[in-house]
Amino acid sequence: MNAADRAVLDDFHALSALGATEAGGVERQAATEADRQTREWLVDWLTTRGFTTTVDRIGNLFGLREWTPGAPFVLVGSHLDSQPRGGRYDGAYGVLAAAHAVQRVHERFASSGETPPFNAAVVNWFNEEGSRFKPSMMGSAVYTGKMPLEEALAVTDLDGVSVEEALARIGFLGEQDGPRAAFAAEIHIEQGRVLDKEGIQIGLVESNWAAHKYQISVVGAQSHTGSTVMADRQDALLGAARVIVAVRELVDRFPDTPLHTSAGQLFVHPNSPVVVAREAELHLDLRSESLEVLQEADAILNREFAAIEASTNVKIVKKSAHFWPVNPYQPEGVELAREAAEALGLSHRPMLTLAGHDSTNLKDIVPTVMLFVPSVEGISHNEHEFTHDEDICAGVNLLTEVVARLCRGDLRS
Ligand SMILES: [Zn+2]
């Protein structure tokens, strides 16, 4: 192992100690104290090496390398925030890899005397995870103009703390816009088992799955669990239970096309042991590589809702929805990454991403390259998330090559 690889692993070790959990994961939800610590760590890393750091109005943190004043930037990054009891690699690996890649590219240009036509910036996108503040991928959504800034700043967590207050509290509410993008790149753990199973080092992401997430409210009527006769009950929790089962059973209707569904959050009101629930709120999540399957699943689910309303005497109200379509990454970016992987002798394969990433937003405004490294057993959003050291290092090497090529303007459309 060379010194550059060693430095990546040492830094990853140091970063993983911030917000560490007992079982070997991390808990660094957006704009919490642990998130502040990782941000300070990154700022320190960047400024020590001569990067200029800046924070935009939604808390995205940038480390700039400006070789050609006024030229737009190759934005290279991911996210430092995590799920509750999350893994060490999800997001944080991509930010650290970006920092090392841009620094290596800087050293290359410095020693060759080359002035590339594009600048580069390391990015820590705010609130990718969406666990404390919904929706996910918030910082990149605001940066790319998909979500209004004011709307994002006004989102509150379960304690009523707004994004704006939380960012101000940790000292990362910026007052300017981020740098102008020419291209973007992100590296991330796969979070699935394809690469691990096939023994392939790099995934070249060609497209994302479509996703439909929504919040529903099952509305019943509050009553006594003992004295209310069964026929009179409007049990919101029973309705919610049937919704959860219906969402799971949707999958069985599409044996030929993968459909992933879940109910990931449930709030019961008043949540008392002796009260029939008056209301239950759920977050549902449907994803597929086929938009047609997703739409058909959605239509079936709506019919199921009507049946559940009739059978359990409740009302089901859709409160909010968040949708993204199947949308390819620019093929010329995939090709650039493939050529870079070939040049480094890394094994690779094209793939789709099932999860959303900040690059999913970025690719809608600039050509974007998305890379995966293997996740052992595909475990993610879990403290036992793991990626081998060799894969960590190979990913940084490839990202460096990709960033160098993007900065030089090698991307051909
Ligand atoms: Zn992530």
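Residues numbered from 1 in each chain as written. Predicted model: local features only at pLDDT ≥ 70, side-chain atom pairs only at ≥ 80, totals over all residues.

### Quick word on the overall build of the protein
At step 1: If you tally the helices and strands in the protein, you get 12 helices and 15 strands.
At step 2: Against the 2.2 N^0.38 benchmark of 22 Å for 413 residues, the protein shows a C-alpha radius of gyration of 23 Å, consistent with a compact globule.
At step 3: Each of the three principal axes of the protein carries a C-alpha extent, and together these read 85 × 50 × 40 Å.
At step 4: Looking at the protein as a whole, 47% of its 413 residues are labelled buried.
At step 5: Taking as baseline every contact in the protein between residues at least 6 positions apart, the subset at least 24 positions apart corresponds to 78%. (Helix = DSSP H or I, 4+ residues; strand = E, 2+ residues; numbered from the N terminus. Rg over C-alpha atoms; globule rule 2.2 N^0.38 Å. Buried ≥ 20, exposed ≤ 12 C-beta atoms within 10 Å, placed from the backbone. Contact = placed C-beta atoms within 7 Å.)

### Quick word on the packing of helix α8 (residues 236-250) against helix α9 (residues 291-312)
At step 1: For the pair α8 and α9, the least separation of the axes is 10 Å and the interaxial angle reads 150°. If you check the angle between α8 and α9, you find them roughly antiparallel. α9 is crossed by α8, and the crossing has right-handed handedness. Mapping the contact onto sequence places Leu 238, Gly 239, Arg 242, Val 243, Ala 246, Val 247 and Leu 250 in α8 and Ala 297, Ile 300, Leu 301, Glu 304, Ile 308 and Thr 312 in α9.
At step 2: Residues belonging to the contact of α8 with α9 are distributed by class as follows: 9 nonpolar, 2 polar and 2 charged. (Axes fitted to C-alpha atoms, helices over the stretch in contact; angles between N-to-C directions. Parallel < 35°, antiparallel > 145°, perpendicular 65-115°, else oblique. Left-handed = near helix turned anticlockwise from the far one by under 90°. Nonpolar A, V, L, I, M, F, W, Y, C, P; charged D, E, K, R; others polar.)

### Here's the deal with the environment of Tyr 214
At step 1: Within the element layout of this structure, Tyr 214 appears in strand β7 (residues 210-219).
At step 2: C-alpha separation for the pair Tyr 214 and Arg 303, spaced 89 residues apart in sequence, amounts to 16 Å.

### Re helix α10 (residues 331-344)
At step 1: Taking 1.5 Å per residue, 14 residues should reach 20 Å; α10 reaches 20 Å between its end C-alpha atoms and fits that length.
At step 2: Among all positions in α10, only Gly 333, Val 334, Leu 336, Ala 337, Ala 340 and Ala 341 are buried. Taken around the axis of α10, the buried residues stretch over an arc of 160°, which confines them to a single face. The outward face of α10, more than 90 degrees from its buried face, is lined by the exposed residues Pro 331, Glu 342 and Ala 343.
At step 3: Two residues or fewer after α10 comes Gly 345, characterised by a positive phi angle close to 70°. (Expected span 1.5 Å × (residues − 1). Arc of directions from axis to C-beta.)

### Some words on the domain arrangement of the protein
At step 1: With domains assigned, the protein is organised as domain 1 (3-208 + 326-408) and domain 2 (210-324).
At step 2: Summarising the inter-unit geometry, the C-alpha centres of domain 1 and domain 2 are found 34 Å apart.
At step 3: Across the contact, 6 residues belong to domain 1 and 8 residues belong to domain 2.
At step 4: Looking at side-chain class alone, the side of domain 1 that touches domain 2 contains 4 nonpolar, 2 polar and no charged residues. (Domains from an automatic or database assignment.)

### Thoughts on unusual backbone geometry
At step 1: With an omega dihedral of 5°, the bond running from Lys 134 to Pro 135 counts as a cis peptide bond.
At step 2: Its place among the elements puts Pro 135 in the loop between β4 (119-124) and α4 (138-143).
At step 3: Between His 269 and the following residue, Pro 270, the backbone shows a cis peptide bond with an omega angle of 5°.
At step 4: Although it is not a glycine, Asn 271 sits at a positive phi angle of roughly 60°.
At step 5: If you trace the backbone, Asn 271 turns up in the loop between β9 (259-269) and β10 (275-276).
At step 6: A positive phi is found at Glu 377, a non-glycine position, where the angle reads about 60°.
At step 7: By the secondary structure assignment, Glu 377 is in the loop between β15 (368-373) and α12 (389-408).

### Some remarks on the environment of Phe 305
At step 1: Secondary-structure assignment places Phe 305 in helix α9.
At step 2: Residues Phe 305 and Thr 156 lie 149 residues apart in sequence; the distance between their C-alpha atoms is 28 Å.

### Topic: the nonpolar core
At step 1: In this structure, Val 74, Val 76, Leu 371, Leu 399 and Val 403 are the most contacted members of the largest nonpolar core, which totals 83 residues.
At step 2: Broken down by element, the residue count for this core peaks at 11 residues, all from α12.
At step 3: Excluding its chain neighbours within four sequence positions, the residues that come into contact with Val 76 are Ala 98, Ala 101, Val 102, Ala 120, Ala 121, Val 122, Val 123, Ala 185 and Val 403.
At step 4: One finds Trp 209, Ala 210, Leu 284 and Leu 294 within the second-largest nonpolar core, a separate group that totals 25 residues. (Core = buried A, V, L, I, M, F, W, Y, C linked by C-beta atoms within 7 Å.)

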